[in-house]
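Architecture at a glance
Below, each chain spelled out in residue letters.
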Amino acid sequence: MTVPFVDLKTQYQTLKPQMDRAIASVLERSAYVMATEHSEFEREFASYIGVKQCLGVSTGTDALELALRACDIGPGDEVITVPNTFIATTEAISVTGAAIRWVDVDPRTYNMNPDKIEAAITPRTKALLPVHLYGQPADMGPIMGIARRHGLRVIEDCAQAHGAKYQGQKAGTFGDVACFSFYPGKNLGAYGDGGAVVTNDEAIATRVRLLRNHGSREKYIHEIEGYCRRLDNLQAAVLRVKLPYLDAWNARRRDAAERYNERLAQVPGVVTPYVLPGTEPVYHLYVVQVPDRDQVRAALQSEGIETGIHYPVPLHQQPAYARYGHTAQDFLVSTTLGPRILSLPMFPEISESQIQQVVDALHKVIVKAGMVLI
Ligand SMILES: *Cc1c(COP(=O)(O)O)cnc(C)c1O
(Lines give C-alpha, C1' and ligand atoms only; values in the text may rest on other atoms or scores of the structure.)
Protein backbone atom coordinates (compact mmCIF):
# COMPACT_ATOMS: atom_id res chain seq x y z
CA MET A 1 0.00 0.00 0.00
CA THR A 2 1.36 3.43 -0.89
CA VAL A 3 1.03 6.46 1.35
CA PRO A 4 0.67 9.77 -0.50
CA PHE A 5 2.04 12.98 0.98
CA VAL A 6 -1.36 14.68 0.61
CA ASP A 7 -4.61 13.29 -0.76
CA LEU A 8 -6.94 15.85 -2.31
CA LYS A 9 -8.98 13.28 -4.24
CA THR A 10 -10.45 11.59 -1.16
CA GLN A 11 -11.58 14.96 0.17
CA TYR A 12 -13.31 15.83 -3.11
CA GLN A 13 -15.12 12.47 -3.07
CA THR A 14 -16.56 13.23 0.36
CA LEU A 15 -17.80 16.67 -0.78
CA LYS A 16 -18.77 15.80 -4.35
CA PRO A 17 -22.56 16.41 -4.41
CA GLN A 18 -22.33 19.73 -2.56
CA MET A 19 -19.24 20.85 -4.42
CA ASP A 20 -20.59 20.01 -7.87
CA ARG A 21 -23.78 21.92 -7.10
CA ALA A 22 -21.85 25.00 -5.91
CA ILE A 23 -19.65 25.01 -9.02
CA ALA A 24 -22.59 24.40 -11.38
CA SER A 25 -24.45 27.30 -9.82
CA VAL A 26 -21.58 29.68 -10.63
CA LEU A 27 -21.48 28.41 -14.22
CA GLU A 28 -25.23 28.61 -14.67
CA ARG A 29 -25.24 32.24 -13.52
CA SER A 30 -21.95 33.10 -15.30
CA ALA A 31 -20.98 34.67 -11.98
CA TYR A 32 -17.23 34.73 -12.48
CA VAL A 33 -15.85 37.97 -11.05
CA MET A 34 -16.55 39.46 -7.61
CA ALA A 35 -20.04 37.96 -7.44
CA THR A 36 -22.12 36.72 -4.49
CA GLU A 37 -19.77 33.86 -3.53
CA HIS A 38 -16.85 36.31 -3.33
CA SER A 39 -18.51 38.65 -0.85
CA GLU A 40 -20.20 35.84 1.11
CA PHE A 41 -16.90 34.00 1.51
CA GLU A 42 -15.21 37.19 2.71
CA ARG A 43 -17.92 37.63 5.35
CA GLU A 44 -17.74 33.99 6.45
CA PHE A 45 -13.94 33.83 6.60
CA ALA A 46 -13.72 37.12 8.55
CA SER A 47 -16.19 35.70 11.04
CA TYR A 48 -14.29 32.38 11.24
CA ILE A 49 -10.99 34.12 12.00
CA GLY A 50 -12.65 36.72 14.25
CA VAL A 51 -11.73 39.93 12.41
CA LYS A 52 -13.78 42.78 10.95
CA GLN A 53 -12.51 42.64 7.39
CA CYS A 54 -11.51 39.95 4.88
CA LEU A 55 -10.46 40.79 1.34
CA GLY A 56 -10.31 37.93 -1.13
CA VAL A 57 -7.27 38.13 -3.39
CA SER A 58 -5.65 36.06 -6.12
CA THR A 59 -2.93 34.22 -4.14
CA GLY A 60 -1.24 34.12 -0.75
CA THR A 61 1.81 35.78 -2.26
CA ASP A 62 -0.33 38.66 -3.52
CA ALA A 63 -2.03 38.88 -0.12
CA LEU A 64 1.39 39.50 1.45
CA GLU A 65 2.39 42.05 -1.17
CA LEU A 66 -0.88 44.00 -0.91
CA ALA A 67 -0.75 43.91 2.90
CA LEU A 68 2.81 45.31 2.87
CA ARG A 69 1.81 48.01 0.38
CA ALA A 70 -1.25 48.88 2.45
CA CYS A 71 1.14 49.43 5.39
CA ASP A 72 3.07 51.88 3.18
CA ILE A 73 6.14 49.71 3.03
CA GLY A 74 8.42 50.44 0.09
CA PRO A 75 11.91 51.53 -0.99
CA GLY A 76 14.19 52.48 1.91
CA ASP A 77 12.25 50.35 4.42
CA GLU A 78 13.30 47.09 6.05
CA VAL A 79 11.06 44.18 7.02
CA ILE A 80 12.15 41.55 9.52
CA THR A 81 11.27 37.91 8.83
CA VAL A 82 12.76 34.40 9.03
CA PRO A 83 15.00 32.36 6.68
CA ASN A 84 12.99 29.20 7.38
CA THR A 85 9.92 29.82 5.21
CA PHE A 86 8.70 29.57 1.62
CA ILE A 87 10.20 32.24 -0.66
CA ALA A 88 6.77 33.87 -1.20
CA THR A 89 7.19 35.53 2.23
CA THR A 90 10.29 37.44 1.12
CA GLU A 91 9.33 37.88 -2.56
CA ALA A 92 6.44 40.00 -1.30
CA ILE A 93 8.88 42.21 0.63
CA SER A 94 11.24 42.62 -2.33
CA VAL A 95 8.56 43.57 -4.88
CA THR A 96 7.57 46.54 -2.74
CA GLY A 97 11.17 47.77 -2.98
CA ALA A 98 11.84 47.17 0.73
CA ALA A 99 14.84 45.18 2.02
CA ILE A 100 14.66 41.84 3.85
CA ARG A 101 16.22 41.52 7.30
CA TRP A 102 16.33 37.93 8.52
CA VAL A 103 16.38 36.78 12.13
CA ASP A 104 17.02 33.15 13.05
CA VAL A 105 14.34 30.75 14.24
CA ASP A 106 13.90 29.12 17.64
CA PRO A 107 15.55 25.66 17.60
CA ARG A 108 12.47 24.05 19.18
CA THR A 109 9.59 25.70 17.33
CA TYR A 110 11.39 26.48 14.01
CA ASN A 111 9.51 29.80 14.11
CA MET A 112 10.77 33.40 14.56
CA ASN A 113 12.90 33.64 17.70
CA PRO A 114 11.69 36.74 19.58
CA ASP A 115 15.06 36.99 21.36
CA LYS A 116 16.75 37.73 18.03
CA ILE A 117 14.47 40.53 16.84
CA GLU A 118 15.71 43.60 18.70
CA ALA A 119 19.30 43.25 17.49
CA ALA A 120 18.00 43.32 13.89
CA ILE A 121 15.97 46.52 14.27
CA THR A 122 17.46 49.60 12.58
CA PRO A 123 16.07 53.10 11.99
CA ARG A 124 14.75 51.79 8.64
CA THR A 125 12.78 48.89 10.12
CA LYS A 126 9.06 49.28 9.39
CA ALA A 127 7.54 45.89 10.10
CA LEU A 128 7.85 42.37 11.51
CA LEU A 129 6.63 39.51 9.33
CA PRO A 130 6.35 36.35 11.46
CA VAL A 131 5.32 33.11 9.73
CA HIS A 132 3.18 30.50 11.51
CA LEU A 133 5.16 27.77 9.82
CA TYR A 134 3.80 24.23 9.50
CA GLY A 135 0.62 25.46 11.25
CA GLN A 136 2.49 26.10 14.53
CA PRO A 137 1.72 29.60 15.84
CA ALA A 138 4.74 31.87 16.22
CA ASP A 139 5.31 33.29 19.72
CA MET A 140 3.02 36.30 19.19
CA GLY A 141 3.08 37.60 22.80
CA PRO A 142 6.73 38.71 22.81
CA ILE A 143 6.63 39.54 19.08
CA MET A 144 3.75 42.00 19.57
CA GLY A 145 5.47 43.45 22.65
CA ILE A 146 8.60 44.24 20.63
CA ALA A 147 6.54 45.70 17.78
CA ARG A 148 4.69 48.02 20.18
CA ARG A 149 7.87 49.18 21.90
CA HIS A 150 9.49 50.04 18.55
CA GLY A 151 6.40 51.31 16.71
CA LEU A 152 6.54 48.57 14.07
CA ARG A 153 3.76 47.11 11.95
CA VAL A 154 3.12 43.38 12.21
CA ILE A 155 2.06 41.36 9.17
CA GLU A 156 1.30 37.69 9.92
CA ASP A 157 1.97 35.05 7.25
CA CYS A 158 -0.88 32.62 7.99
CA ALA A 159 -0.53 30.66 4.72
CA GLN A 160 -0.04 27.42 6.69
CA ALA A 161 -2.11 28.27 9.75
CA HIS A 162 -5.86 28.48 9.00
CA GLY A 163 -7.53 28.07 12.39
CA ALA A 164 -4.36 27.70 14.50
CA LYS A 165 -4.58 29.26 17.98
CA TYR A 166 -2.17 31.06 20.28
CA GLN A 167 -3.43 31.49 23.86
CA GLY A 168 -6.98 30.84 22.71
CA GLN A 169 -6.90 33.42 19.93
CA LYS A 170 -6.65 32.60 16.24
CA ALA A 171 -3.52 33.22 14.18
CA GLY A 172 -4.29 36.23 12.01
CA THR A 173 -5.82 38.34 14.80
CA PHE A 174 -2.60 39.54 16.46
CA GLY A 175 -0.88 41.78 13.91
CA ASP A 176 -2.09 44.83 12.00
CA VAL A 177 -2.93 42.55 9.11
CA ALA A 178 -2.63 38.84 8.21
CA CYS A 179 -2.35 36.92 4.97
CA PHE A 180 -3.78 33.54 3.99
CA SER A 181 -3.20 31.28 1.00
CA PHE A 182 -5.84 28.95 -0.43
CA TYR A 183 -3.40 27.04 -2.63
CA PRO A 184 -4.99 23.58 -3.11
CA GLY A 185 -2.80 21.72 -0.58
CA LYS A 186 -3.24 24.25 2.25
CA ASN A 187 -5.51 23.40 5.22
CA LEU A 188 -8.25 25.39 3.49
CA GLY A 189 -7.52 24.92 -0.20
CA ALA A 190 -9.28 26.08 -3.37
CA TYR A 191 -9.26 24.20 -6.69
CA GLY A 192 -6.66 26.59 -8.03
CA ASP A 193 -5.03 29.70 -6.59
CA GLY A 194 -6.58 31.98 -4.01
CA GLY A 195 -5.69 34.12 -1.00
CA ALA A 196 -7.05 36.56 1.56
CA VAL A 197 -5.99 39.56 3.60
CA VAL A 198 -7.67 39.90 7.00
CA THR A 199 -7.55 42.89 9.34
CA ASN A 200 -9.39 44.93 11.96
CA ASP A 201 -7.83 48.12 10.56
CA GLU A 202 -10.31 49.93 8.31
CA ALA A 203 -7.61 51.98 6.59
CA ILE A 204 -5.65 48.86 5.64
CA ALA A 205 -8.83 47.14 4.45
CA THR A 206 -9.79 50.09 2.27
CA ARG A 207 -6.33 50.26 0.78
CA VAL A 208 -6.22 46.51 -0.04
CA ARG A 209 -9.76 46.73 -1.49
CA LEU A 210 -8.56 49.43 -3.88
CA LEU A 211 -5.20 47.83 -4.71
CA ARG A 212 -6.65 44.42 -5.61
CA ASN A 213 -9.11 45.87 -8.13
CA HIS A 214 -7.43 48.60 -10.22
CA GLY A 215 -7.76 51.26 -7.53
CA SER A 216 -11.47 51.27 -8.12
CA ARG A 217 -14.46 51.34 -5.79
CA GLU A 218 -16.89 52.51 -8.41
CA LYS A 219 -16.60 50.98 -11.87
CA TYR A 220 -14.22 52.97 -14.16
CA ILE A 221 -13.42 55.49 -11.42
CA HIS A 222 -9.81 54.91 -10.32
CA GLU A 223 -8.76 56.61 -7.09
CA ILE A 224 -5.25 55.17 -7.43
CA GLU A 225 -3.45 52.80 -9.78
CA GLY A 226 -3.77 49.27 -8.47
CA TYR A 227 -3.55 45.69 -9.64
CA CYS A 228 -5.80 42.91 -10.85
CA ARG A 229 -5.57 40.58 -7.85
CA ARG A 230 -9.14 39.54 -7.03
CA LEU A 231 -10.16 36.15 -5.69
CA ASP A 232 -11.73 34.10 -8.50
CA ASN A 233 -15.45 33.71 -7.83
CA LEU A 234 -15.41 30.00 -8.73
CA GLN A 235 -12.70 29.52 -6.10
CA ALA A 236 -14.77 31.50 -3.60
CA ALA A 237 -17.64 29.06 -4.24
CA VAL A 238 -15.29 26.10 -3.58
CA LEU A 239 -13.98 27.72 -0.40
CA ARG A 240 -17.51 28.37 0.90
CA VAL A 241 -18.30 24.66 0.63
CA LYS A 242 -15.11 23.72 2.47
CA LEU A 243 -14.96 26.32 5.27
CA PRO A 244 -17.58 24.62 7.52
CA TYR A 245 -15.37 21.49 7.59
CA LEU A 246 -12.10 23.24 8.40
CA ASP A 247 -12.23 22.79 12.19
CA ALA A 248 -13.04 19.08 11.88
CA TRP A 249 -10.23 18.59 9.35
CA ASN A 250 -7.78 20.44 11.62
CA ALA A 251 -8.84 18.27 14.56
CA ARG A 252 -8.12 15.15 12.49
CA ARG A 253 -4.70 16.52 11.60
CA ARG A 254 -4.04 17.01 15.33
CA ASP A 255 -5.18 13.41 16.02
CA ALA A 256 -2.85 12.12 13.33
CA ALA A 257 0.01 14.19 14.83
CA GLU A 258 -0.73 12.70 18.27
CA ARG A 259 -0.46 9.20 16.85
CA TYR A 260 2.78 9.98 15.07
CA ASN A 261 4.15 11.53 18.30
CA GLU A 262 3.30 8.51 20.44
CA ARG A 263 4.66 5.95 18.03
CA LEU A 264 7.74 7.86 16.94
CA ALA A 265 8.76 8.17 20.61
CA GLN A 266 9.88 4.54 20.21
CA VAL A 267 12.14 5.36 17.27
CA PRO A 268 15.56 6.57 18.43
CA GLY A 269 16.96 9.67 16.78
CA VAL A 270 13.64 11.07 15.55
CA VAL A 271 12.75 14.53 16.88
CA THR A 272 8.98 15.11 16.81
CA PRO A 273 7.38 18.60 16.66
CA TYR A 274 7.62 20.78 19.75
CA VAL A 275 4.36 22.52 20.60
CA LEU A 276 4.70 25.90 22.28
CA PRO A 277 2.63 25.84 25.52
CA GLY A 278 -0.73 27.58 25.08
CA THR A 279 -0.88 26.98 21.34
CA GLU A 280 -3.16 24.79 19.24
CA PRO A 281 -1.37 23.97 15.98
CA VAL A 282 -3.16 22.85 12.82
CA TYR A 283 -0.34 20.70 11.35
CA HIS A 284 -0.36 21.92 7.79
CA LEU A 285 2.85 19.87 7.85
CA TYR A 286 4.12 17.27 10.29
CA VAL A 287 7.86 17.81 10.33
CA VAL A 288 10.42 15.65 12.12
CA GLN A 289 14.20 15.72 12.31
CA VAL A 290 15.86 12.46 11.34
CA PRO A 291 19.45 11.25 11.02
CA ASP A 292 20.76 10.78 7.45
CA ARG A 293 17.67 12.48 6.09
CA ASP A 294 18.25 11.86 2.39
CA GLN A 295 18.89 8.15 2.99
CA VAL A 296 15.80 7.87 5.19
CA ARG A 297 13.71 9.69 2.60
CA ALA A 298 14.90 7.36 -0.17
CA ALA A 299 14.14 4.29 1.98
CA LEU A 300 10.58 5.53 2.61
CA GLN A 301 10.13 6.31 -1.07
CA SER A 302 11.17 2.75 -1.98
CA GLU A 303 8.32 1.51 0.24
CA GLY A 304 5.81 3.76 -1.50
CA ILE A 305 5.77 6.47 1.18
CA GLU A 306 5.89 10.03 -0.15
CA THR A 307 7.53 12.71 1.97
CA GLY A 308 8.51 16.36 1.50
CA ILE A 309 11.18 18.79 2.72
CA HIS A 310 10.03 22.23 3.90
CA TYR A 311 12.44 23.70 3.12
CA PRO A 312 15.75 22.14 2.05
CA VAL A 313 17.66 25.42 1.58
CA PRO A 314 16.91 28.34 3.92
CA LEU A 315 16.34 31.66 2.18
CA HIS A 316 19.62 33.34 3.24
CA GLN A 317 21.47 30.59 1.33
CA GLN A 318 19.36 30.82 -1.85
CA PRO A 319 21.00 32.01 -5.10
CA ALA A 320 18.17 34.56 -5.41
CA TYR A 321 19.48 36.32 -2.29
CA ALA A 322 23.22 36.17 -2.99
CA ARG A 323 23.10 40.01 -3.02
CA TYR A 324 22.67 40.01 0.75
CA GLY A 325 26.05 38.24 1.14
CA HIS A 326 24.97 35.98 4.01
CA THR A 327 26.89 32.86 4.98
CA ALA A 328 25.63 29.60 6.48
CA GLN A 329 26.90 30.81 9.89
CA ASP A 330 24.62 33.85 9.94
CA PHE A 331 21.43 31.98 10.87
CA LEU A 332 22.83 28.76 12.20
CA VAL A 333 19.60 27.22 13.46
CA SER A 334 17.94 27.57 10.05
CA THR A 335 21.08 26.35 8.30
CA THR A 336 21.25 23.28 10.55
CA LEU A 337 17.59 22.37 10.10
CA GLY A 338 17.76 22.29 6.28
CA PRO A 339 19.51 18.88 5.98
CA ARG A 340 17.68 17.27 8.95
CA ILE A 341 13.99 17.97 8.45
CA LEU A 342 11.51 15.64 6.80
CA SER A 343 7.78 16.25 6.31
CA LEU A 344 5.78 13.04 6.78
CA PRO A 345 2.44 12.31 5.07
CA MET A 346 -0.23 14.52 6.69
CA PHE A 347 -3.81 15.16 5.61
CA PRO A 348 -7.14 14.91 7.46
CA GLU A 349 -8.12 11.60 5.87
CA ILE A 350 -4.82 9.81 6.66
CA SER A 351 -5.69 6.40 8.11
CA GLU A 352 -4.48 4.58 11.16
CA SER A 353 -2.77 1.96 9.00
CA GLN A 354 -1.09 4.57 6.82
CA ILE A 355 0.39 6.23 9.93
CA GLN A 356 1.55 2.85 11.23
CA GLN A 357 3.13 2.06 7.88
CA VAL A 358 5.14 5.30 7.95
CA VAL A 359 6.26 4.67 11.54
CA ASP A 360 7.23 1.06 10.79
CA ALA A 361 9.23 2.10 7.74
CA LEU A 362 11.06 4.80 9.73
CA HIS A 363 11.78 2.34 12.52
CA LYS A 364 13.14 -0.21 10.09
CA VAL A 365 15.50 2.11 8.23
CA ILE A 366 16.74 4.04 11.28
CA VAL A 367 17.20 1.15 13.70
CA LYS A 368 18.60 -1.27 11.13
CA ALA A 369 21.18 1.17 9.91
CA GLY A 370 22.02 2.17 13.51
CA MET A 371 21.65 5.84 12.60
CA VAL A 372 22.05 8.54 15.20
CA LEU A 373 21.14 12.19 15.01
CA ILE A 374 24.30 14.26 15.32
C1 LIG B 1 1.88 28.83 0.40
C2 LIG B 1 2.63 29.89 1.11
C3 LIG B 1 2.66 31.22 0.66
C4 LIG B 1 2.14 31.66 -0.68
O5 LIG B 1 0.86 31.32 -1.00
P6 LIG B 1 0.41 31.17 -2.54
O7 LIG B 1 -1.05 31.12 -2.45
O8 LIG B 1 1.02 29.91 -3.06
O9 LIG B 1 0.89 32.37 -3.27
C10 LIG B 1 3.25 32.17 1.47
N11 LIG B 1 3.84 31.85 2.63
C12 LIG B 1 3.88 30.58 3.07
C13 LIG B 1 4.53 30.29 4.39
C14 LIG B 1 3.30 29.55 2.33
O15 LIG B 1 3.35 28.30 2.77
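The preceding data block contains the structure.
As the structure is a prediction and not an experimental result, all values here were calculated from the model.

Moving on, we come to the sheet that holds strand 12 (residues 279-280). Reading across from one edge, 7-6-12 is the order of the 3 strands in this open sheet, with antiparallel pairing throughout. Of all the strands in the sheet, the pair left with one neighbour each is strand 7 (169-170) and strand 12. Pairing between strand 6 (residues 165-166) and strand 7: 2 bridges, direction antiparallel. Each residue of the ladder has a partner; that of Tyr-166, found in strand 7, is Gln-169.

Okay, the packing of helix 3 (residues 60-70) against helix 6 (residues 202-211) next. At a closest axis distance of 9 Å, the pairing of helix 3 and helix 6 adopts a crossing angle of 125 degrees. Viewed along their axes, helix 3 and helix 6 adopt a mutual orientation that is oblique. Classified by chirality, the crossing of helix 6 by helix 3 is right-handed. Along its contact with helix 3, which presents Leu-66, Arg-69 and Ala-70, the element helix 6 presents Ile-204, Arg-207, Val-208 and Leu-211. When its residues are assigned to classes, the contact of helix 3 with helix 6 shows 5 nonpolar, no polar and 2 charged.

For the rest of this paragraph, the subject is the packing of aromatic side chains. Applying the stated rule across the entire model yields 15 aromatic pairs. Considering the side-chain rings of Trp-102 and Tyr-321, the 5.3 Å spacing of their centres and the 70 degrees angle between planes classify their relative orientation as edge-to-face. In this pair, Trp-102 sits in strand 3 (residues 99-102) while Tyr-321 sits in the loop between helix 9 (293-302) and helix 10 (332-337), placing the two residues 219 residues apart along the sequence. A relative accessible area of 5% places Trp-102 in the buried class. Taken together, the ring pairs in this structure connect Phe-41, Phe-45, Tyr-48, Phe-180 and Phe-182 into an aromatic cluster.

Thresholds, definitions, all that
- Residues numbered from 1 in each chain as written.
- Predicted model: local features only at pLDDT ≥ 70, side-chain atom pairs only at ≥ 80, totals over all residues.
- Heavy atoms only, no water.
- Pairing = 2+ DSSP bridges.
- Helix = DSSP H or I, 4+ residues; strand = E, 2+ residues; numbered from the N terminus.
- Axes fitted to C-alpha atoms, helices over the stretch in contact; angles between N-to-C directions.
- Parallel < 35°, antiparallel > 145°, perpendicular 65-115°, else oblique.
- Left-handed = near helix turned anticlockwise from the far one by under 90°.
- Contact = heavy atoms within 4.5 Å.
- Nonpolar A, V, L, I, M, F, W, Y, C, P; charged D, E, K, R; others polar.
- Phe/Tyr/Trp six-rings, centres within 6.5 Å; stacked < 30°, edge-to-face > 60°.
- Buried < 20%, exposed > 50% of the residue type's maximum accessible area, 1.4 Å probe, protein only.

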